[in-house]
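# Understanding the architecture of this molecule
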Amino acid sequence: MWAYIVKRLLLSIPVIFGVAFMVFAMVRIVPGDPARIIAGEAATQEIVEGIRKDMGLDQPLLKQFATFVGNVLRGDFGRSVRSKAPVAGEVAARLPNTIRLATAGLCVAVVVGVSAGIISAIRPYSWMDTVVMLVALAGLSMPVFWSGLMLILIFAVWLGWLPAVGTGGMAHLVLPAVTLGMSTAAIIARMSRSSMLEVLRSDYIRTARAKGLAEAAVVNRHAFRNALIPVITVVGLQMGTLLSGAVLTETVFAWPGIGRLLVEGILSRDYPIVQASVLVVAMAFVMVNLTVDVLYAVVDPRIHYD
């Protein structure tokens, strides 16, 4: 297994390198001059050119990219154009908040999605199955920013039960986590239902029932574990989506995470912030996918790594 993990880590290097190049190129294609933003609109062209030279923006793009990669390998993402602070420090300060939010959102999605999927699969084509699938379809169709605003309106403004924005205790985490996990819960519910239905129609499940096992034992002991593998795949992919999809949720709830830092970096043309934020999310996505692959063998020992 360790050889497989090392192999996957080596294969992820060109992926991260490609992401770094794409982000590096894209932030320089969009209109806007960070040197002009730093200098201010009233600054002379000589001052702007001096700032551009200090930032290395007067160098050829390939040389800028090589310098950027070399600095990243040393753990240096540069300094923020806006705050002048080291980017690594700003990202490190925001990253725990994003991980906390994404983890809470994933917990909401897994608990709600798997439970709803199993309930639907046990009673297929019943009124309960119809209601659960309709709710899942609604959760999948609602944009994150709209569902977030609706939750703020209902639970923070009208009922006053939960805080609308900011960080603090667990109460501040409830609305952002539910908003972020809602669409993922819908996807997991649909996947859990189809996977459980396929397993419940298998011959060994029919044999277990013929032996007189209770339905709860058949579902919990035989069907649920085997239905988990495709669900784990979806959960792993969705964890990466939650990390990257937290941009809208963090913006709506003023949550100080990587997503909000990325938005602030884009609006102020802060190249180092944008590059570092996207790279961190990309690396997190790669690590989550690797963890999912390793979990396959834990859930189903028949799976071997070549």
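You'll find the structure just up there.
This text gives an overview of the structure that appears in the document. Since the structure is predicted, the reported quantities are computational estimates derived from the model, not experimental observations. (Residues numbered from 1 in each chain as written. Predicted model: local features only at pLDDT ≥ 70, side-chain atom pairs only at ≥ 80, totals over all residues. Heavy atoms only, no water.)

### Observations concerning unusual backbone geometry
Glycine aside, residues mostly have negative phi angles, and peptide bonds mostly take the trans form. A positive phi angle, near 60°, is found at tyrosine 125, a position not held by glycine. Inspection of the secondary structure puts tyrosine 125 in the loop between α5 (87-122) and α6 (127-141). Residue class for tyrosine 125 comes out exposed when judged on its relative accessible area of 64%. Even without being glycine, alanine 254 reaches a positive phi, approximately 50°. Take alanine 254: it is sitting in the loop between α10 (215-252) and α11 (258-267). (Helix = DSSP H or I, 4+ residues; strand = E, 2+ residues; numbered from the N terminus. Buried < 20%, exposed > 50% of the residue type's maximum accessible area, 1.4 Å probe, protein only.)

### Observations regarding helix α3 (residues 45-55)
Every buried residue of α3 is accounted for by Val48, Ile51 and Arg52. For α3, the buried positions fall inside an angular range of 100° around the axis, keeping them on one side. Pointing more than 90 degrees away from the buried face of α3 are the exposed residues Glu46, Lys53 and Asp54. On its buried face, α3 sits against α2 (34-39). Trailing α3 by a residue or two, glycine 56 shows a phi angle of about 80°, which is positive. (Arc of directions from axis to C-beta. Contact = heavy atoms within 4.5 Å.)

### Some remarks on the pattern of salt bridges
Counted by the stated rule, this structure contains five salt bridges. Glutamate 264 is the salt-bridge partner of arginine 260, the closest N and O atoms lying 3.8 Å from each other. Here arginine 260 and its partner glutamate 264 are both found in helix α11, four residues apart, which amounts to about one turn of the helix. With relative accessibility at 29%, the residue arginine 260 sits in the partly exposed group. Take glutamate 264: its relative accessible area is 22%, and that puts it in the partly exposed class. (Salt bridge = Lys/Arg side-chain N within 4 Å of Asp/Glu carboxyl O.)

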